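Descriptive analysis of the structure
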Amino acid sequence: MTDAIRVSGPITGTDKEMSFEAGRLAQLADGAVLARLGGTMILATVTAAKSVREGMDFFPLTVDIEERAYAAGKIPGAFFRREGKLSDQAILICRLIDRPLRPSFPKGFRNEVQVVGTVFSADQENPHDILAINAASAALMISGIPFDGPIGAVRMAYTTEGEWVPHPTYVEGDEASFELVVAGRALNDSVESDVAIMMVEAGGTEGSFERYAQGAPKVTEEVLAAGLEASKLWIREAINLQRELVREFVAVRGPLPPFPFTPVVDYGDDVFARVEAVGSARLAEANTLVAKAERNAALDAAAAQIAEELAGEFEGRAGEIKAAVKALTKQLVRRRIVDEGVRMDGRGVADIRPLSAEVDLFPMTHGSALFQRGETQVVNVSTLAMPRMRQLVDTITPDEYRRYMHHYNFPPYSTGETGRVGAPKRREIGHGMLAERALVPVLPSEEEFPYTLRVVSDVMQSNGSTSMASVCGSTLSLMAAGVPIKAPVAGIAMGLVYDGGEYVTLTDILGSEDAFGDMDFKVAGSADAVTALQLDTKIDGLPADVLARALHQAKEARLQILDVITSAIAEPRPEVSEMAPKIVTMEIPVDKIGEVIGPKGKVINTLQQETGADITVDDNGVVGTVTIGAKDGRAVEEARRRIALILDPPTAEVGAVYEGRVVSIAKFGAFVNLLPGRDGLLHISKMAPLNGGRRIGQVEDVLELGQALEVKVDDIDPQGKVSLSLVGDFPEAEEGRRPEGRRDGGRDSGRDGGRDGGRDGGRGRGRSSSFEDAFEAELAGEIGDLGPGGPVLSEGEGEGRRRSRPRRR
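Let me begin by describing the structure that accompanies this report. (Residues numbered from 1 in each chain as written. Predicted model: local features only at pLDDT ≥ 70, side-chain atom pairs only at ≥ 80, totals over all residues. Heavy atoms only, no water.)

**Side note on the overall build of the chain**
To be explicit about the condition: We count a stretch as a helix when DSSP gives it H or I for four or more residues in a row; a strand needs E for two or more, and each element gets its number in order from the N terminus. The atom set for the radius of gyration is the C-alpha atoms, and the globule formula is 2.2 Å times the number of residues raised to the power 0.38. For the exposure calls, accessible area comes from a 1.4 Å probe over protein chains only, and a residue counts as buried if that area is under 20% of its type's maximum, exposed if over 50%, partly exposed in between. We call two residues in contact when some of their heavy atoms are within 4.5 Å. To measure how exposed things are, a 1.4 Å probe is used in the Shrake-Rupley method; for residues, cover is taken only from the protein chains shown. Under the counting rule used here, the positive set is Lys and Arg, the negative set is Asp and Glu, and His together with the chain ends is not counted. To locate a charge, take atom NZ for lysine, CZ for arginine, CG for aspartate or CD for glutamate.
Secondary structure summary: the chain contains 17 helices and 31 strands in total. For 809 residues, the compact-globule estimate of 2.2 N^0.38 gives 28 Å, and the chain exceeds it by more than 25% at 39 Å. With the principal axes as the frame, the chain shows a C-alpha extent of 140 × 65 × 60 Å. Looking at the chain residue by residue over its 809 residues, the buried ones come to 51%. In the chain, the proportion of contacts linking residues at least 24 apart, taken out of those at least 6 apart, comes to 69%. With the model as given, the accessible surface of the chain reaches about 37600 Å², and the carbon-plus-sulfur share is 51%. Averaging the coordinates of the 92 positive side-chain charges in the chain and doing the same for the 121 negative ones gives two points 6 Å apart.

As structure tokens, then:
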């Protein structure tokens, strides 16, 4: 085994250091780097195909993150106890890596490249996503694969004191108001080189609006711009550390071997020149159509005409003609925007398409809404459920569950196409998580609103930024469902065209403008604070003034959208939908949890059965929390009343009569519930009236669980134990009746006559007229002859005394 090559460097403003190691693990990969931050370690490997797959017309880069459960000392919770498909978190990390890496490969490079990150150690303090971006870039830097790097990345947290903290821990991130992930590359080889921002992923944290209300500084556009500028210091440190690794690697292993590849050219210059001459006017005219379907049809027709006209001139080069038409279309669209300030659909650069919003589309849902911006249309539905419906998270992070879930669906019909329908793709997961991140800061706390929340965005039509339309629809549906969000949130997608040294920022971009532009910039927030941000650029560097101008232009658009949202529904409804469960919570002492649950869950199960409410009990070791939910509010109130009585049971009074219910049976008697949380003992010696005055052999012979009884409190001892007796009318023995159906009737008569007659001293046949005989006759008449195993006279016992013996089986 060869010696590892290792470099490390401190992180300014912290007591941490980041390190890269190469040359020891995965040496058959083109590049492999083991990165470490604290106790978190990840191995990033890169490999590239030696040739281009035939017909490949795009750059096939794939990124995978393998989160090993053993990294956190866990065993996977799935049935097979092994890792399965990527978690949503892993998919987000894959996208974070892909976005800055993809534009850093040379134009025309079409060899398949695969990046795999394997998490070997997760210290539950330092997140591994930023480490993965830096490690992937470092692995590419020592692989020889053509790559315009390195790429550096940093996560920063905005504290309640108004400071940006680099590389925060999980706890520091949760306590902050906002988190910002930034990636970029150096503009030259200098150690102090300026940094071009390439990717931003940011969002507010849970409870951040509550912190704002308590005086914490809000994250505004100015704060964000300052944070992006501040991030360059730590991005530069990561870049310089990767360059140091490359120098050490080359010093030990020698120069990096060149990676031979032939750039793929989509079209020749001669083809483009002829397409431009023949098709410019046609394509320019087609691009003036406002409606997406009409514009696409016109562009397709123009492309077909151009291809037909040039087919003879460029025989066998139809693919080049098609690619040249696409390139010319992009050029015309961009030139029109920069030169004339007019976009594909005729809008100005800062104009928003027509907006509309409505709520209450579907009667049986808890909250529904429709948001439309131009030809982009999204239906949002919010669902409220009990806390136990929250999603358990089986990952290597400290997160244990998700209380709020946003799921985004993008069916093929939304673009007028056919395609696969089924499990969500990575793009859908990413868009859903972006919309979720935008709403999390304004959600009420679990203590304030103890519901699990799920929002689903179904895209009906798509022509630009359905993710931001999902944010707007989420606000509408949550307010319609009665969720007391802290403020309405809206989102807008921005674009940028850079041509001839001029930057033009576009508001509310179309799908084509996204593809043809130089920046995709999405901002979500309330009227006075940003809640989420996503930015991807394709150019080297974004001047601070251009970024600041784009942020303020986005805010103006956001305020317009918020006006439309609040016109549809001004504020959250005061009550949740009648279709949603009504939920209340109660805090109880930990030592009372057992009383609420009862032995083997008897008490809580009885409460649920009798009230119809769903009741759960949790505790954090300090205090217990009882959550009660039901669609019928009266059921919730009744369950809460009963639990309150269990916690503070009323006191029984001596001499008072209560209608009770048997809750437990023992050898010496039965426990009867008199009041919520208050039971008393009915001793077996006091149960004779239930057996016609006869002695009871077993309590189960006369009582059963759940049986109703009227009882009187005879005594309450100093320890609070309650002694009970029976109250009410019970059957008496009937004179002169003989049991029917007895097989031993004659034997009893003779025996009773000879013995009892003398004892009675003239009272006649006392046995035949006793209470026991009368009761036995009545019993036999109801359930039949008890047979020889039934009760018989006990020899040597006095008049009227009987004993029971087991029945034969």
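**Describing the pattern of salt bridges**
Definition in use: Throughout this description, the term salt bridge denotes a Lys or Arg side-chain nitrogen within 4 Å of a carboxyl oxygen of Asp or Glu.
Inspection of the entire model under this criterion finds 41 salt bridges. Measuring nitrogen to oxygen at the nearest pair gives 2.8 Å for the salt bridge that ties arginine 53 to glutamate 112. With a gap of 59 residues between them, arginine 53 in the loop between strand 4 (40-48) and strand 5 (61-67) and glutamate 112 in the loop between helix 1 (88-101) and strand 6 (113-121) connect regions that are remote in the sequence. For arginine 642, the salt bridge goes to glutamate 610, with nearest N and O atoms at 2.4 Å. Separated by 32 residues along the polypeptide, arginine 642 in helix 15 (residues 633-647) and glutamate 610 in helix 14 (residues 602-611) bring together distant segments of the chain. On the basis of relative accessible area, arginine 642 is assigned to the partly exposed category, the value being 22%. Connected through shared salt-bridge partners, Asp345, Arg347, Arg353, Arg373 and Asp508 make up one network.

**Considerations on a positive patch on the surface**
Our working rule: Patch membership needs two things, relative accessible area over 30% and no salt bridge, and members are linked within 9 Å if like-charged or within 5 Å if nonpolar (Val, Leu, Ile, Met, Phe, Trp, Tyr).
A surface patch of like charges, here positive, comprises Lys107, Lys322, Lys326, Lys330 and Lys538. Among the structural elements, lysine 330 can be located in helix 8 (residues 318-340). Assessed through its relative accessible area of 34%, lysine 330 is described here as partly exposed.

**Some details on a nonpolar patch on the surface**
A cluster of nonpolar side chains, Leu25, Tyr70 and Phe120, forms an exposed patch at the surface whose accessible area comes to about 260 Å². Locating phenylalanine 120 in the fold gives a position in strand 6.

**Structural notes on the pairing of strand 7 (residues 151-158)**
Selection rule: Two strands form a pair only when DSSP identifies at least two bridges running between them.
With 8 of 8 residues buried, strand 7 lies mostly within the body of the structure. Alternating residues of strand 7 divide into Ile151, Ala153, Arg155 and Ala157 and Gly152, Val154, Met156 and Tyr158, and every residue in both groups is buried. Looking at chain direction, strand 7 and strand 9 (residues 178-186) are connected through 8 bridges and run antiparallel. Note that in strand 9 the partner of arginine 155 across the bridge is valine 181. Pairing between strand 7 and strand 8 (residues 164-166): 3 bridges, direction antiparallel. Its bridge partner lying in strand 8, methionine 156 is registered against proline 166.

**Re the side chain of arginine 343**
Inspection of the secondary structure puts arginine 343 in the loop between helix 8 and strand 11 (355-359). For arginine 343, a relative accessible area of 0% puts it in the buried group. When residues no more than four places from it in sequence are discounted, the contact partners of arginine 343 are Arg336, Ile337, Gly348, Val349, Ala350, Asp351, Leu506, Thr507, Asp508, Ile509, Leu510 and Glu513.

**Section: the side chain of arginine 402**
Note the threshold: Each polar contact in these results corresponds to two N or O atoms within 3.5 Å; when the atoms are within protein, one needs to be able to donate a hydrogen and the other to accept it, and residues that are neighboring in sequence are counted only if both atoms are side-chain atoms.
With respect to the element layout, arginine 402 can be found in strand 15 (residues 401-402). A distance of 2.6 Å separates the side chain of arginine 402 from the side chain of glutamate 436, its partner in a polar contact. Beyond its immediate chain neighbours, meaning those up to four positions away, arginine 402 contacts Asp88, Arg390, Gln391, Val393, Met433 and Glu436.

**Observations regarding a negative patch on the surface**
A surface patch of like charges, here negative, comprises Glu172, Asp174, Glu175, Glu206, Asp399 and Glu400. Looking at where aspartate 174 falls in the secondary structure, it is placed in helix 3 (residues 170-175).

**Remarks on the environment of leucine 476**
Among the structural elements, leucine 476 can be located in helix 10 (residues 466-480). Leave out the neighbours within four places in its chain, and leucine 476 touches Ala357, Val359, Ala369, Leu370, Phe371, Ile565, Ala568 and Ile569.

**Section: the packing of helix 2 (residues 129-141) against helix 5 (residues 221-253)**
Condition: A fitted line through C-alpha atoms represents every axis, and for helices the fit uses only the stretch in contact; the resulting angles, taken between N-to-C directions, go from 0 to 180 degrees. With the far helix as reference, a near helix turned anticlockwise by less than a right angle produces a left-handed crossing, and one turned clockwise produces a right-handed crossing. Residue polarity follows a fixed list, in which Ala, Val, Leu, Ile, Met, Phe, Trp, Tyr, Cys and Pro are nonpolar, Asp, Glu, Lys and Arg are charged, and the others, Gly among them, are polar.
Relative to each other, helix 2 and helix 5 sit at 35 degrees, their axes nearing to 10 Å. Note that helix 2 runs across helix 5; the crossing there is right-handed. Touching Asn134, Ser137, Ala138 and Met141 of helix 2 are Ala238, Gln242, Leu245 and Val246, all from helix 5. Per-class residue counts for the contact of helix 2 with helix 5 are 5 nonpolar, 3 polar and no charged.

**Topic: the packing of aromatic side chains**
In plain terms, the rule: For this analysis, a ring pair means two rings from Phe, Tyr or Trp (six-membered ring only for Trp) whose centres lie within 6.5 Å, classed as stacked if their planes differ by under 30 degrees, edge-to-face if by over 60, and tilted for the remaining angles. Charges are assigned to positions over rings by a cutoff of 6 Å between ring centre and Lys NZ or Arg CZ, combined with an angular limit of 35 degrees from the ring normal.
The full count for this structure, using the stated rule, is 14 aromatic pairs. A centroid spacing of 4.8 Å and a plane angle of 45 degrees characterise the contact between tyrosine 158 and tryptophan 164, whose relative ring orientation is tilted. Of the two residues, tyrosine 158 and tryptophan 164, both sit in the buried class. Considering the side-chain rings of phenylalanine 668 and phenylalanine 671, the 6.2 Å spacing of their centres and the 90 degrees angle between planes classify their relative orientation as edge-to-face. Its relative accessible area of 30% is what places phenylalanine 671 among the partly exposed residues. Pairwise contacts between aromatic rings join Phe59, Phe105, Phe109, Phe147, Phe259 and Phe261 into one cluster. Of note, arginine 390 hangs over the ring of tyrosine 401, and the distance from its end group to the ring centre comes to 3.8 Å. Seen from the ring of phenylalanine 410, arginine 427 lies directly overhead, with NZ or CZ sitting 4.3 Å from the centre.

**Re the sheet that holds strand 2 (residues 17-22)**
Sheet architecture is open: 6 strands sit in the order 1-2-3-4-6-5, paired in mixed fashion. If you trace the sheet from one side to the other, it starts and ends with strand 1 (5-10) and strand 5, each paired once. When the angles between neighbouring strand axes are averaged without regard to direction, this sheet yields 15 degrees. Where strand 4 lies against strand 6, 8 bridges are found, and the strand directions are antiparallel. By the bridge assignment, methionine 41 is partnered in strand 6 with serine 121. Packing against the sheet, helix 5 makes contact with strand 1, strand 2 and strand 3 (31-37), and its axis sits at approximately 155 degrees to strand 1.

**Here we look at the sheet that holds strand 26 (residues 669-675)**
In space, the 5 strands of this closed barrel follow the order 25-26-27-29-28, with mixed pairing throughout. Pairwise comparison of adjacent strand axes, ignoring direction, gives a mean angle of 55 degrees for this sheet. Of the strand pairs in this sheet, strand 25 (residues 657-666) and strand 26 are connected by 5 bridges, and their pairing is antiparallel. Across the sheet, residue isoleucine 665 finds its bridge partner in strand 26, namely alanine 670.

**Focus: the environment of leucine 355**
Position of leucine 355 among the secondary structure elements: in strand 11. Once the C-alpha coordinates of leucine 355 and glycine 374 are considered, the two residues, 19 residues apart in sequence, prove to be 6.6 Å apart. Dropping the residues within four chain positions of it, leucine 355 is found in contact with Phe371, Gln372, Arg373, Gln560, Ile561 and Val564.

**Re unusual backbone geometry**
Cis rather than trans, the peptide bond between glycine 149 and proline 150 has omega equal to 5 degrees. In this fold, proline 150 is placed in the loop between helix 2 and strand 7. In this model, arginine 81 sits at a positive phi of 55 degrees, which is unusual for a non-glycine residue. Here arginine 81 lies in the loop between strand 5 and helix 1.

**Topic: helix 7 (residues 292-310)**
Keep this limit in mind: A helix is expected to span 1.5 Å for every residue after the first. Directions from the helix axis toward the C-beta atoms define the arc.
Taking 1.5 Å as the rise per residue, helix 7 with 19 residues should run 27 Å; its terminal C-alpha atoms sit 27 Å apart, in good agreement. Of the residues making up helix 7, those classed as buried are Arg295, Leu299, Ala302, Ile306 and Leu310. The arc that holds every buried residue of helix 7, seen down its axis, measures 65 degrees, which confines them to one face. Exposed residues on helix 7 whose side chains face more than 90 degrees from its buried face are Ala293, Glu294, Asp300 and Glu308. In this fold, the buried residues of helix 7 make contact with helix 6 (269-286) and helix 8.

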